[in-house]
Amino acid sequence: MFRVSLAQGDASKRAGKDFGFAFSAMGSVCEIRIAGLARRKAEQLAHLAIDEVRRIEAKFSRYRSASVVSRINAAAGSGRAVEVDAETAGLIDFAASLHGLSDGLFDITSGALRKAWDFRSGRLPQGDAIDALMPLVGWSKVVWRGARIELPRHGMELDFGGFGKEYAADRAASVLQERGVNHGLVNLGGDIRVIGPRPDGQAWQLGVQHPRERDRLLAEVPLATGALATSGDYERYFELDGARYCHVLDPRTGWPVTAWRSVSVVAPACLAAGALTTVAMLKGADALPYLAAQNVGYLAVDGDGRLHQREAALALN
Amino acid sequence: MKKLMPLWAACVVALAGCSSMTAPEAWEKSSLAKPEMTMGSDALGERFRQHIYTSKENASGGYGVGGGGCGCN
Amino acid sequence: MKRALQRKKSAPVSAHGKGAVVLAALSLPGVWIAPAHAETAPDNGVIAFKYLHYEDSQPGLKRIKVNSPSLYLMTPIGSQWAVEGSAVVDSLSGATPRWQSSVSSASVMHEERKAADVKVTRYFERSSYALGVSRSKEHDYASNALSVSGSWSSADNNTTWNLGVGGSSDEIDPTGGGFSGDTHDQKKHTVEWIAGVTRALSSVDIVQLNLTYSAGHGYYDDPYKAFDVRPEKRKQAALLGRWNHHLLGDQSTLRTSYRFYRDNFGVDAHTLQGEWVKPVTAALAFTPLVRLYSQSAADFYADARIDAGGFPVVPALQPGQLNSGDQRLSSFGAITLGLKTEYKLDAAWTVDLNLEAYEQRSKWHLGGSGSSGVDTFRARFIQLGASRKF
């Protein structure tokens, strides 16, 4: 999905103590990087972190029939509320807060619209397919009380895809940090959470993919702490008659957004960074003032290919 | 001498009135960790300077203990 | 599957609250964990070398020249201990006046001073304790000192208190018995205290307030100066306030400090200093500095007076009467202008150059004219240094 390179920079004396562990999860190429520990210990801890990522994928992926999200979706329209645990409830609360904080643009029920959009075939939605799905979209329709969630209409769906990967990056980083890792990072397909700087104190150079040229980097963001997440119109899309239709759908209209080619956000946690990139893509022209008001740093490429940025260092103050 | 006191008081008041003087959360402290923001940066150079000023002026102190003396003139 | 127990539903936050989304994310358990230890031994060790060249003068007399190489080493031992030490050799040569700024019969000397110190620090989760010893030796002066200090941090790591106490024992044995010829084997004992607090006021501001108090008894006269009789007890107090402010726009830092000093000799002094650390590139930073100083004269300071023949008037002293013509006890003001340049060669090496120009004038005394008849005193020094992280 995203090709994010970690530029090595000048070869540090500690190069021998910098270990990378690649794996695939959540449909992306992922990497855990641990430095400052012996190889055996780093390997052990990396496995724990990878296990945590897989646990979250299994629990929240709508593509796994045993996941919590699938159970909730399966009960849609049945009149049955599903009881969820503390972790799930926390994430649903976060999504609910975000819905309010984004003036309704961030909506985890917008996943139902995927039925109208087939990115593989490259065809626009047939007839009134979108109109037929709109009644199933809208967080305000969801019944969320106590620890029980109910989707009142059959066909309604919850989708944690807008922040699941980012949450997993933060959780994996916490697992490593709790076990004594002070230098390293977790990179899940371009959503990155830094645990601590390189052993020599220097920041990691995180590459952001260029939205149009696959083999080029748009920029390198130096981070010694915090997180970087990116959303773009190049992850899943098709082009028709010169127009690009990407996978980020506006929950109010059912149609893809066009204002931004790519938005990257720097924030203390990947969960926040990822949620804000999604909101920014949806906000269109209002994205940059919104991100500034949220006090985060960003790198954004607009529809004409122009780069806008706000100091990433500000995000961590 | 006495004229300096109101100046210092004014600085303290101005500092207090500065925008967003809220105690930083743990995740907001990256600026504070920079060497130039800590109180002890360049220990060796600072020690030289204090040694020179203490031997050419009468005032001393405020920074730490344990320096020991010298017959500097 | 865990049951949902008392889980607080996060209240919707105003869309216009600064950083509301970030706060909402950070409040989820397991998303962000504060680093465990507030006080740990430093990650890196440092070895540094510095060379000082110092010259001072007054009109008509080039005074002291000092060349001083020094070495500093700090190394963490594990994550709970650190050791630091330094060694310096001062080579002084030149002349200082025997009376006021009188140029004639200034005492010429050539002196070498060797000093070294070691400090061991033990780190705990919220506190640290240190023990230090230092020793200084020159031909006519030896000093031995011991110090103990502790620092304690609050749970949120925004406030740190520190306390320290030190004692030193000095021996003075002037060359040739000093000006009078019969000053030998004098002693001086001092105890000093420090209490201070450092606080992070915001994400870009940190302030410190320190109070130091020192009490000593013994020999305080300057043995090489004429008619120099000082009290046998010395009590000194200083209150220092410091403020470091980081400017996010250009990543520069403003460092200011003010110190008030008072002692039992009757001297009050004010020191105001400001410096601006300005990074120009990722590797290069300039720090211009301004320092303003003013002190009042000691109670027993004797003004410089010239008689009709152009010769300095020396006071007629009763036995045991306090007196000093030492310029350093007169009333004056002083200004320093300095510039420091720091250049990072790579991740481990840094070189630095510091230049300071200092001038002391009695008429610069704050609030009025200072002691009369004292010549302007000037000093220049340059420090060249290199340090390596390991």
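For the structure itself, consult the block above.
Residues numbered from 1 in each chain as written. Chains lettered and ligands numbered in written order. Predicted model: local features only at pLDDT ≥ 70, side-chain atom pairs only at ≥ 80, totals over all residues.

> In this structure, what is going on with the pairing of strand β14 (residues 332-344) of chain C? I would like to understand it.
Successive residues of a regular strand alternate their side chains across the two faces of the sheet. Residues and elements named next belong to chain C. Bridge count for strand β13 (residues 284-295) against β14 is 12 bridges, and the pairing is antiparallel. For Q295, the partnering residue across the bridge sits in β14 and is F332. Where β14 meets strand β15 (residues 349-361), 12 bridges bridge the pair, whose relative direction is antiparallel. Paired with E342 across the strands is D352, a residue of β15. Hairpin connection between β14 and β15: a loop of 4 residues separates the two successive antiparallel strands. (Pairing = 2+ DSSP bridges. Helix = DSSP H or I, 4+ residues; strand = E, 2+ residues; numbered from the N terminus.)

> Explain the sheet that holds strand β4 (residues 82-83) of chain A here, please?
Whenever strands of a sheet pair, they do so through backbone hydrogen bonds, lying parallel or antiparallel. Residue and element names in this part refer to chain A. One open sheet accounts for 3 strands, arranged β4-β6-β5; its pairing is antiparallel. Two strands lie at the open edges of the sheet, namely β4 and β5 (143-145), each paired on one side alone. Both β4 and strand β6 (residues 148-150) contribute to a ladder of 2 bridges, which runs antiparallel. By the bridge assignment, V82 is partnered in β6 with I149.

> Is there a simple way to think about the sheet that holds strand β11 (residues 226-232) of chain A in this case?
Residue and element names in this part refer to chain A. Strands sit in the order β2-β3-β7-β8-β11-β14-β15-β16 across an open sheet of 8 strands; the sheet is antiparallel. If you trace the sheet from one side to the other, it starts and ends with β2 (18-25) and β16 (307-310), each paired once. The sheet shows a mean angle of 10° between the axes of neighbouring strands, taken without regard to direction. Two strands pair when backbone bridges link them, and β2 and strand β3 (residues 28-35) are joined in this way by 8 bridges, in the antiparallel orientation. Following the sheet pairing, F23 is matched in β3 by C30. Of the strands in this sheet, β3, β7 (183-188), β8 (191-196) and β11 are in contact with helix α5 (residues 164-178), which crosses β8 at around 15°. (Axes fitted to C-alpha atoms, helices over the stretch in contact; angles between N-to-C directions. Contact = placed C-beta atoms within 7 Å.)

> Quick question: what am I supposed to make of helix α1 (residues 39-60) of chain A here?
Structural remark: α-helix, 3.6 residues per turn; residues separated by three or four positions point the same way. Residue and element names in this part refer to chain A. Under the 1.5 Å per step criterion, the end-to-end length of α1 is 32 Å for 22 residues, consistent within 8% with the ideal 32 Å. Listed as buried for α1 are A42, L45, A46, A49, V53, I56, K59 and F60. All buried residues of α1 lie within an arc of 155° about the axis, which places them on one face of the element. With respect to the buried face of α1, the exposed residues turned more than 90 degrees away are R40 and D51. Those residues of α1 that are buried lie in contact with β2, β3, α2 (68-74), α5 and β7. (Expected span 1.5 Å × (residues − 1). Buried ≥ 20, exposed ≤ 12 C-beta atoms within 10 Å, placed from the backbone. Arc of directions from axis to C-beta.)

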